[in-house]
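Understanding the architecture of this molecule
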Amino acid sequence: MSAASGEGGVPAEPFAPRLVAVVAMGRNRVIGQDGAMPWRLPTDLRHYRSLTMGKPMIMGRKTLQSIGRVLDGRDTVVLTRDRSFAFEGAHVAHEAEAAIVAARHLAEARRAEEVIVAGGGEIYAQFMPRLDRLYVSLVDAEPAGDATFPAIDQGEWALVAEERPPRSERDSANVVFQVWDRRPAEAATSR
């Protein structure tokens, strides 16, 4: 039996991890200011780690440089127009499609069911039409900022889960964890 065959010689389904975004944003959709997050939320950082561990992540050059390193236990695909850009431990792509192909190969090697789109604002906007799911940490704040997350069109997206974790004494604001799934095309057009 070939590797492309499933049980009983039936062709196996191609490995197709979901393309998802993980984002923390204020009520005003702000996600950052001058390359930094405008809040301190250890509760959300633990949540982020649990959502992304073991999965490939696509992010822009500015986001990677603001983090300063590739994150442990995750593969990083950095999308940049800078053809000379290199970053130790990161895979570099110069087009969105190339980033998706690279991340899906990495996901298949890890058997990860999701590829994470991890920002920043331009990357989220570029990938939004292709995303299957949004993991949103909605921060109870309206900070000033120069980077935002695209508007979530409720005709295209359905809120499928929501959790309000207790606020730790180290968190600068309350946060709500939300999961949004893209509505099937026929449902989105019939609304």
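It should be emphasised that the depicted structure is a prediction, and the values quoted were computed from it without experimental measurement.

1. Structural notes on the overall build of the chain
From N to C terminus, the chain includes 5 helices and 10 strands. Within the span of the chain, comprising 191 residues, buried residues form 44% of the whole. Excluding contacts between residues fewer than 6 apart, the proportion of contacts in the chain whose partners are at least 24 apart in sequence is 64%. For the chain, the computed accessible surface area is about 10500 Å², with 50% contributed by carbon and sulfur atoms.

2. Some points on the sheet that holds strand E9 (residues 157–163)
The sheet built from 8 strands is open, its strands ordered E5-E4-E3-E6-E1-E7-E10-E9 with mixed pairing. Each end of this open sheet is capped by a strand with a single partner; those strands are strand E5 (90–93) and E9. Between one strand axis and the next, the sheet turns through 25° on average, direction left out of account. Looking at chain direction, strand E1 (residues 18–26) and strand E7 (residues 133–139) are connected through 7 bridges and run parallel.

3. Quick notes on the side chain of Asp 75
Inspection of the secondary structure puts Asp 75 in the loop between helix H2 (61–67) and strand E4 (76–79). Of the polar contacts made by the side chain of Asp 75, one reaches the side chain of Arg 110; its length is 2.6 Å. In contact with Asp 75, other than residues within four places in its own chain, are Lys 55, Pro 56, Met 57, Leu 106 and Arg 110.

Cut-off values and rules
- Residues numbered from 1 in each chain as written.
- Predicted model: local features only at pLDDT ≥ 70, side-chain atom pairs only at ≥ 80, totals over all residues.
- Heavy atoms only, no water.
- Helix = DSSP H or I, 4+ residues; strand = E, 2+ residues; numbered from the N terminus.
- Buried < 20%, exposed > 50% of the residue type's maximum accessible area, 1.4 Å probe, protein only.
- Contact = heavy atoms within 4.5 Å.
- Areas by Shrake-Rupley, 256 points an atom, 1.4 Å probe, with all protein chains shown as cover.
- Pairing = 2+ DSSP bridges.
- Axes fitted to C-alpha atoms, helices over the stretch in contact; angles between N-to-C directions.
- Polar contact = N/O pair within 3.5 Å; in protein donor to acceptor, adjacent residues only side chain to side chain.

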